[in-house]
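Report on the structure
Residues per chain, in single letters:
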Amino acid sequence: MIPRRILVAAIVVLIGLAATAQEPILRFSVAPESLALTPGGSTSVTVRIENDSIREADDVEVAFEGSDALSISPAAPISVIPPFDTARWDLEISAANDAPIGVSKARLEFIYTYCVGDLCFQIVDGRPLEIRIEAPAAPAELDSERPDPSPPETPVSAAPSSNPWRWALPLMAAILLAAVVLIGRAAGGRSAARALIVVGVIGGLAYGVALRQHEQAQGIGAVLCTSCVGIEEARHEAPRLSAAAIDALSRLEEHRELVVFYAPWCHSCPYAEAMVEAFADRSDRITYRLVNVEDEPETAKEFGIIQSGRTIVPATLRIDTGEVIFGIDDLERRLLTLIGGAP
Amino acid sequence: MRTRRIRPRRFGQAAGLLLGLFGVTGIGMTHLIFPGLHCYACPWAVTVCPIGLVQNLVIFGTVPFFWIGAIAAYGLLAGRGFCGWFCPFGTVNDLLAFRKARIRPPVSLAKFAVLAGTLVAAWAFADTIFCKLCPAASLEASIPYLLLGVAKVNRPFLVHMGTLAATLVGMVVIARFWCRYLCPMGALLALFNRVSFLRLRVRSDACTDCGNCSQECPMGIEPHRDHDNHNCIKCGDCVDACPSSALSLGWEWRRMR
C-alpha cells in the first residue's frame, strides 16, 4: 500500500535529517568587527567566547580566512571551556608591506568539539571581519573611489565533519523497517522474515551483551535524572547568586564539605555543579567535590543517594550531617538551608 | 465461552503489572527491557522502558544492538500481543475501554509518526523529549515521586498531568485510544505483527460474516476481514465473540503457507 511505503520512507528520511542536526554550543563575539590597517601595520582584535550550554566544549581553535596579505598571530587552542564559562583570545592581525589598499573581507573560523554521551560533534563556526587597508598618506576619503581589490569571500562550509557512526543508526533502522515491513507483508515470505528476525535477535543480543550494552541499559534505568523524565525543568543558564545569598555566604563561619552527585548525561546536573561552585567561589568555608554516580555507584550507595531504589541526580550532600537535596528546583534557597546559612 | 479467554489474559496483565512494580521487593534495576510501555523512572520499576532507553541511546550515539535484539525478540514472539496481554498501560486502557469505536486507519498511522518523532527529537535536542510528555511516566513516575516528596507541582509536572488527563479522556471516548493512535511501543511491536508466532487465524469457510468480532474488537478493526492488521493486539475478544468458531488465537511455531 502506498501510504505505508510513504510512511516508512518518511521515517527513514526524518531520522536521516535528524542525524545532521547539531547545535553550536559556543557563542563567539568579535570586537571590533571592522578594522583599519596600514601596509606593514598591525592591530588587535578580541574574541570573546561564551559557553551557554550544559556541555563542555573541547579543543577550541581559531583560524584566519582571508587575503594572503593578511595574517594572524598564533592563538593557543583552548583545551576546555566548561559549561556556562567564558574565555577570550586577544589576536593580532597584521598586513604585509605590499598589502593592496582597499577593503578586504576576511573571516575568523572557530573549530571545536563537544560530546553528548559517546557521540562527539565537531562544530565549525565563524565571524566575518571587514579589514580596511589604508594608505599611510591619504587614507579614508579615497577608499570609496577605489575598486575593491580584495578577493571574493571564500565560502566556508559550516558543516561538521562526518562521523561514520552517526549514520549507523539510521541505516540499521532503515534495514530493520524494510526487512520486517516489506518481507513480512509478502505472502509466503513469513518464514524468511522470521529467520531474518531470529538472526537479528541472536546477533543483536549477543553483540549487545559483548559490548556491555545490557549494563548500559541497566545504568540508564537505575539512575534517575530529575529533568529527563520531567520531574523538574532543566536550567541551561549560568546560576547567578542573589545579594542575600552572597551576604549569607560571607557570614558563614563553619566549614562545610559538599558532594555533588551527577551523571554525565543528566541535563540538570551542570546547573547544580555550577551553583555549588558559585557558593564555593563566594565562601572559602565551602569545599566540594563531584561524584559521577556511574563511575562510583558504591559511593552513592554509601552516602544514601538512593530514593526508592533509584539513584537520583543531581543530588547535593552535606557530608557532616548526611543531609541530601535532590534536583535544582529553588536550588539557591535549599542549598543555603543545607549549609545552615539561610538568612 | 467468554470467561475462558478473559481469565488467562487478566493473569497476563496481572503478571505485567507485577513485573512493573516488582521493585517493591527492593531488588533494584535489572538488565531486562520491558516488553511494553512502562516508565523506568517509576520508583518500583525493575525493567528498562524500551522507548526511554532508545532515546538515551540515540542521544549517546550508541548503535543499539542489545535493544534491537530485545525488541525483535518480543516482536517475533507475540507482536502486539504484549499490548493486549502484558503492558500495564494497556491494562489502564482496558479499564477505561467503554466505547469500542471503529478505528480510523489513516489516523492509526499516527503512532509511527510518534515513534519517528520521538527518535528525531532525541537526536535533534539531545534530550528525552517523549519522556517529558509520556502519560505512562505521568502515572508511574510523576505522581509517585510527588507522593514521595521528590517531585513538586511545577511546570513539567503540570505538563505531565495535562498529557495524562488528555490521554485518559481519549481512552474513555475511544477504547484503547493510546494503543491505537499514539503508543510508540505499540508502533514498534506492530512492525512484527504479521510475522509473530502468536497469531490470530480465521477460517473463511466457517465465517458467516456476522460482524460480531468487529463489534467486540477494542482496537476497532474487522478481524474476520483483516486478521493480520498491525493494530491487532491479539486480545482474543473477537475469538470469544465468534458464534461459528471461525477465529482462533494461538501459537504458530511451524511454517505456514
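These figures come from a predicted structure and were not determined experimentally. (Residues numbered from 1 in each chain as written. Chains lettered and ligands numbered in written order. Predicted model: local features only at pLDDT ≥ 70, side-chain atom pairs only at ≥ 80, totals over all residues.)

Here's the deal with the overall build of chain B
In terms of regular secondary structure, chain B is built from 14 helices and 2 strands. Taken over the C-alpha trace, chain B has a radius of gyration of 18 Å; the compact-globule value for 257 residues is 18 Å, and the two agree within 12%. Along the longest, intermediate and shortest principal axes, the C-alpha atoms of chain B span 60 × 40 × 35 Å. Across the 257 residues of chain B, 60% fall into the buried class. Contacts spanning at least 24 positions in sequence make up 70% of the contacts within chain B whose residues lie at least 6 apart. (Helix = DSSP H or I, 4+ residues; strand = E, 2+ residues; numbered from the N terminus. Rg over C-alpha atoms; globule rule 2.2 N^0.38 Å. Buried ≥ 20, exposed ≤ 12 C-beta atoms within 10 Å, placed from the backbone. Contact = placed C-beta atoms within 7 Å.)

Structural notes on the sheet that holds strand β1 (residues 26–31) of chain A
All names here are of chain A. One open sheet accounts for 4 strands, arranged β1-β3-β7-β5; its pairing is antiparallel. Where the open sheet ends on each side, the last strands, each with one partner, are β1 and β5 (70–72). With strand direction ignored, the average angle separating the axes of adjacent strands in the sheet is 25°. In this sheet, strand β7 (residues 86–95) lies alongside β5 in antiparallel orientation, the contact comprising 3 bridges. What sits directly across from Ser71, in β7, is Ser94. (Pairing = 2+ DSSP bridges. Axes fitted to C-alpha atoms, helices over the stretch in contact; angles between N-to-C directions.)

A few points about the nonpolar core
The biggest cluster of nonpolar side chains holds 141 residues, and the ones touching the most others in it are A:Phe261, A:Ala263, A:Met275, A:Val313, B:Cys39, B:Leu53 and B:Trp67. At 11 residues, the largest contribution of residues to this core is made by helix α3 (residues 65–78) of chain B. (Core = buried A, V, L, I, M, F, W, Y, C linked by C-beta atoms within 7 Å.)

So, the domain arrangement of chain B
All names here are of chain B. The domains assigned to chain B are domain 1 (2–190) and domain 2 (200–251). Once you take the C-alpha centre of each, domain 1 and domain 2 turn out to be 25 Å apart. Across the boundary between the two partners, domain 1 contributes 19 residues, which contact 15 residues of domain 2. The set of elements that each furnish at least two residues to the side of domain 1 that touches domain 2 consists of α1 (2–20), α4 (81–85) and α11 (177–182). Within the side of domain 1 that touches domain 2, the residues separate by chemical class into 8 nonpolar, 3 polar and 8 charged. (Domains from an automatic or database assignment. Nonpolar A, V, L, I, M, F, W, Y, C, P; charged D, E, K, R; others polar.)

Considerations on the confidence of the model for chain A
With 76% of its residues at a pLDDT of at least 70, chain A reaches an overall mean of 78. Ignoring residues within four places in sequence, the model shows residues 138–162 of chain A, a span with pLDDT below 50, making 31 contacts including any to other chains. (pLDDT = per-residue confidence, 0-100.)

A short note on the sheet that holds strand β12 (residues 286–292) of chain A
As a general point, the strands of a sheet are linked pairwise by backbone hydrogen bonds and lie either parallel or antiparallel. Residue and element names in this part refer to chain A. Spatially, the 4 strands line up as an open sheet ordered β12-β11-β15-β16, and their pairing is mixed. With one partner strand each, in any of the chains shown, β12 and β16 (324–326) form the two edges of the open sheet. Across the sheet, the axes of successive neighbouring strands diverge by a mean angle of 20°, strand direction being ignored. With 7 bridges connecting them, strand β11 (residues 256–262) and β12 associate as parallel partners.

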